[in-house]
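# Working through the structure, step by step
For reference, the chains in residue letters:
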Amino acid sequence: LGVFFALACYAYSLGSLALPLTTSSLMQATQLAFNAFCSFVFAGIRFTPFSVNAVVLLTVGPAVLGVGPSSEEKVAGEGSKAAYWAGFSECMASAALMGLVLPLLEVAMSRYARRTGPGASAARAPPSYLTVMQVQAVMGAAGTVLCLVGMAVMEEFQAVPREAAAFGLGETNYYSLLISAAVSWQFFNLGIMGLIVCSSSLLAGIMVALVLPLSEVLAVIFLHEKFDGGKGVALVLCLWGFVSYFYGESEQKQVTKRNDDPESMCCPLIT
């Protein structure tokens, strides 16, 4: 799983080189469609009308961007449509891998569920915090080894000082950015694992897509990217999908409280 996750990040990095940030981040939202399918196949997730609506909207939104690149969205360098579609395909591959990893992680974590009482009727609780941290450490180590081996084979370690020297914000900020990105990714991954353990991989996938509105706003503010009508439609559809899912979850919790069914309030790992 760590290797798959590293490959997903690598594919997204390649795609983001050829696409504007606003486009590549919206493309990453298509991971939810792959996530939903794999969650149904591997983790046995039961869908509601609200979750289906959210998955459809969060998939159709980025698909709007696949109609074709506008004249302003040609990539740096040659600015060819071939490069655009290569980046488009790489982002799609990243989304597919990410959509596969989260449900498989849910299945893996279900093996570490704990019994909270004696006998055959004992309830099952999610894995301990220590177990979650151990799983994250193993996945992170596997992904890091894959990246380090790739960098060593391609002799990319020698390129790091050159990139730092040419970084627009200065060499110190270059290394600070690398360190802060590594730390923030660990917090992000720990939160995703917590969502998977205590809820479902589908909710984790939706929360991954939740970073899209922030990415859109920051890209326009700091990178001065153009925010055209196509991106606006895609963003509205994504936000609509978020609202639909969380509204459905709220309604489901109200039904659960009225029925007073403690088992229905357990996370999927328990049931």
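Our subject in this report is the structure included herewith. What you see is a predicted model; the values in this text were computed from it and never measured.

Secondary structure summary: the chain contains eleven helices and two strands in total. The secondary structure elements of the chain, listed N-terminal to C-terminal, are α-α-α-α-α-β-β-α-α-α-α-α-α. Residues classed as buried in the chain amount to 37% of the 271 residues present. Excluding contacts between residues fewer than 6 apart, the proportion of contacts in the chain whose partners are at least 24 apart in sequence is 74%. Carbon and sulfur atoms form 68% of the exposed surface of the chain, whose accessible area is close to 14,900 Å².

To characterise two packed helices, one gives the angle between the axes of the helices and the distance between these axes. For the pair helix α5 (residues 81-110) and helix α8 (residues 171-198), the least separation of the axes is 10 Å and the interaxial angle reads 60 degrees. On the basis of the axis angle, α5 is oblique to α8. With respect to the hand of their crossing, α5 and α8 are arranged in right-handed fashion. Within the contact between the two elements, α5 uses Leu 102, Leu 105, Glu 106 and Met 109 and α8 uses Ile 192, Met 193, Ile 196 and Val 197. When the residues that make up the contact of α5 with α8 are grouped by side-chain class, the tally is seven nonpolar, no polar and one charged.

All right, on to the side chain of Glu 106 then. Position of Glu 106 among the secondary structure elements: in helix α5. Of note is the side chain of Glu 106, whose polar atom sits 2.7 Å from the side chain of Ser 201.

Attention now moves to the side chain of Ser 94. Mapped onto the elements of the fold, Ser 94 is located in helix α5. Since its relative accessible area comes to 1%, Ser 94 is described here as buried.

The next subject is the packing of aromatic side chains. All told, the structure shown has seven aromatic pairs when counted by the stated rule. Taken together, a centroid distance of 5.5 Å and an interplanar angle of 65 degrees make the contact between Phe 167 and Tyr 174 edge-to-face. Judged by its relative accessible area of 26%, Phe 167 is partly exposed. Using a relative accessible area of 9% as the deciding quantity, one classes Tyr 174 as buried. Pairwise contacts between aromatic rings join Phe 5, Trp 185 and Phe 188 into one cluster.

The next thing to look at is the packing of α8 against helix α9 (residues 201-209). Running from amino to carboxyl end, α8 crosses α9 at an angle of 145 degrees, the nearest separation of the two axes being 7 Å. Considering how the two elements wind past one another, α8 and α9 form a crossing that is right-handed. Where α8 abuts α9, its residues Phe 188, Ile 192, Leu 195 and Ile 196 lie against Ser 201, Leu 203, Ala 204, Met 207 and Val 208. Looking at the contact of α8 with α9, its residues break down into eight nonpolar, one polar and no charged.

Moving on to the environment of Leu 58. Mapped onto the secondary structure, Leu 58 falls in helix α4 (residues 49-63). For Leu 58 and Leu 237, which are 179 residues apart along the polypeptide, the C-alpha to C-alpha distance reads 6.5 Å. Those residues within four positions of Leu 58 in sequence are excluded, and the remaining contacts are Ala 29, Thr 30, Leu 32, Cys 238, Gly 241 and Phe 242.

This part takes up unusual backbone geometry. Of note in this structure, Glu 155 is not a glycine but carries a positive phi near 55 degrees. Relative to the assigned elements, Glu 155 resides in the loop between α6 (129-153) and α7 (159-166). Of the residues examined, Glu 155 reaches a relative accessible area of 56% and is grouped as exposed.

So, on to the environment of Ala 95. Position of Ala 95 among the secondary structure elements: in helix α5. As for Ala 95 and Gln 31, which are separated by 64 residues in sequence, their C-alpha atoms are 4.0 Å apart. Apart from the residues within four sequence positions on either side, Ala 95 is in contact with Met 27, Gln 28, Thr 30, Gln 31 and Phe 34.

About the thresholds
- Residues numbered from 1 in each chain as written.
- Predicted model: local features only at pLDDT ≥ 70, side-chain atom pairs only at ≥ 80, totals over all residues.
- Heavy atoms only, no water.
- Helix = DSSP H or I, 4+ residues; strand = E, 2+ residues; numbered from the N terminus.
- Buried < 20%, exposed > 50% of the residue type's maximum accessible area, 1.4 Å probe, protein only.
- Contact = heavy atoms within 4.5 Å.
- Areas by Shrake-Rupley, 256 points an atom, 1.4 Å probe, with all protein chains shown as cover.
- Axes fitted to C-alpha atoms, helices over the stretch in contact; angles between N-to-C directions.
- Parallel < 35°, antiparallel > 145°, perpendicular 65-115°, else oblique.
- Left-handed = near helix turned anticlockwise from the far one by under 90°.
- Nonpolar A, V, L, I, M, F, W, Y, C, P; charged D, E, K, R; others polar.
- Polar contact = N/O pair within 3.5 Å; in protein donor to acceptor, adjacent residues only side chain to side chain.
- Phe/Tyr/Trp six-rings, centres within 6.5 Å; stacked < 30°, edge-to-face > 60°.

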